[in-house]
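# Chain and residue survey
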Amino acid sequence: MSTERAREGLYSRVQQFHAEQMQALDSGRFEEYAETFTEDGEFRHSPGRPPARTRAGIAKELTAFHQERFAGQAVQRRHWFNMLNVQEQADGTVHATFYVLALLTRPGERVPEIAPSCLVRDVLVEEDGRLLTRSRRVEHDHVPEA
């Protein structure tokens with residue numbers, strides 16, 4: 001298989017992985033989302049919040065975040081990924097960098113809120129033939145990096 005074809009295959013795998021991962025998150029299946037991370041995975045998702053570590057810690061953090069942020073409101077979140085750049089590293093990891101728009105819709109409101117626009121940096125690994133996130137760092141566009 002050519003190098004270009006192998007790269008296309010990896011790119012497609014990463015896209016499919018992200019689609020499944022984000023559909024779990026947007027459906028509120030936080031434990032399922034956390035299972036897409038390595039056991040010692042790290043998830044840094046919002047300014048001012050410490051990174052969540054381990055699958056159990058990620059699921060717990062997401063539950064707390066959603067309860068605090070939306071306090072029982074009926075909302076639907078959708079994460080739209082675009083401009084995906086996939087780079088295979090010499091150590092076998094895959095670095096995926098992409099743009100995200102997180103949309104928030106409330107019942108009866110036709111126009112969603114963009115909440116927020118971000119740059120995401122993932123380090124992915126393969127374990128037992130499946131991709132997992134070792135680390136995810138979400139950089140919010142409206143918050144300057146320290």
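Quick note: structure is the one above.
Fair warning: this is a prediction, and the values are worked out from it, not measured in the lab.

## What about the pairing of strand β3 (residues 76–88)?
Sheet topology places β3 next to strand β4 (residues 94–105); 11 bridges connect them, and they run antiparallel. When the sheet's bridge partners are listed, Arg77 is paired in β4 with Leu104. Linkage of β3 to β4, two consecutive antiparallel strands, is achieved through a turn of five residues, within which Gly92 is found at a positive phi near 95°.

## Some thoughts on unusual backbone geometry
Each neighbour pair has its own omega, and for Ala115 with Pro116 the value is -5°, a cis peptide bond. Mapping Pro116 onto the fold places it in strand β5 (residues 113–127). With phi around 75°, Thr54 is a residue other than glycine that occupies positive phi space. Mapped onto the fold, Thr54 is located in the loop between β2 (52–53) and α3 (55–70). With a relative accessible area of 32%, Thr54 lands in the partly exposed category. For Asp128, which is not a glycine, the phi torsion comes out positive at approximately 50°. Of note, Asp128 is situated in the loop between β5 and β6 (130–140).

## Let's talk about the packing of aromatic side chains
Taken as a whole and assessed by the stated rule, the structure comprises four aromatic pairs. A centroid spacing of 5.6 Å and a plane angle of 55° characterise the contact between Phe37 and Phe43, whose relative ring orientation is tilted. Considered together, Phe37 and Phe43 belong to a single accessibility category, that of buried residues. By way of ring pairs, the aromatic residues Tyr33, Phe37 and Phe43 are connected into one cluster.

## Observations concerning the sheet that holds β3
Pairing in this open sheet of six strands is mixed, and the strands run β2-β1-β6-β5-β4-β3 from one edge to the other. Every interior strand has two partners, whereas the edge strands, β2 and β3, have only one. Here 10 bridges tie β5 to β6, and the two strands are oriented antiparallel to one another. When the bridges of β6 are listed, Arg121 appears paired with Arg137. Strand contacts of α3: β1 (37–44), β2, β3, β4, β5 and β6, with the helix running at about 35° to β1, the strand carrying the most contacts.

Conventions and cut-offs
Residues numbered from 1 in each chain as written. Predicted model: local features only at pLDDT ≥ 70, side-chain atom pairs only at ≥ 80, totals over all residues. Heavy atoms only, no water. Pairing = 2+ DSSP bridges. Helix = DSSP H or I, 4+ residues; strand = E, 2+ residues; numbered from the N terminus. Buried < 20%, exposed > 50% of the residue type's maximum accessible area, 1.4 Å probe, protein only. Phe/Tyr/Trp six-rings, centres within 6.5 Å; stacked < 30°, edge-to-face > 60°. Contact = heavy atoms within 4.5 Å. Axes fitted to C-alpha atoms, helices over the stretch in contact; angles between N-to-C directions.

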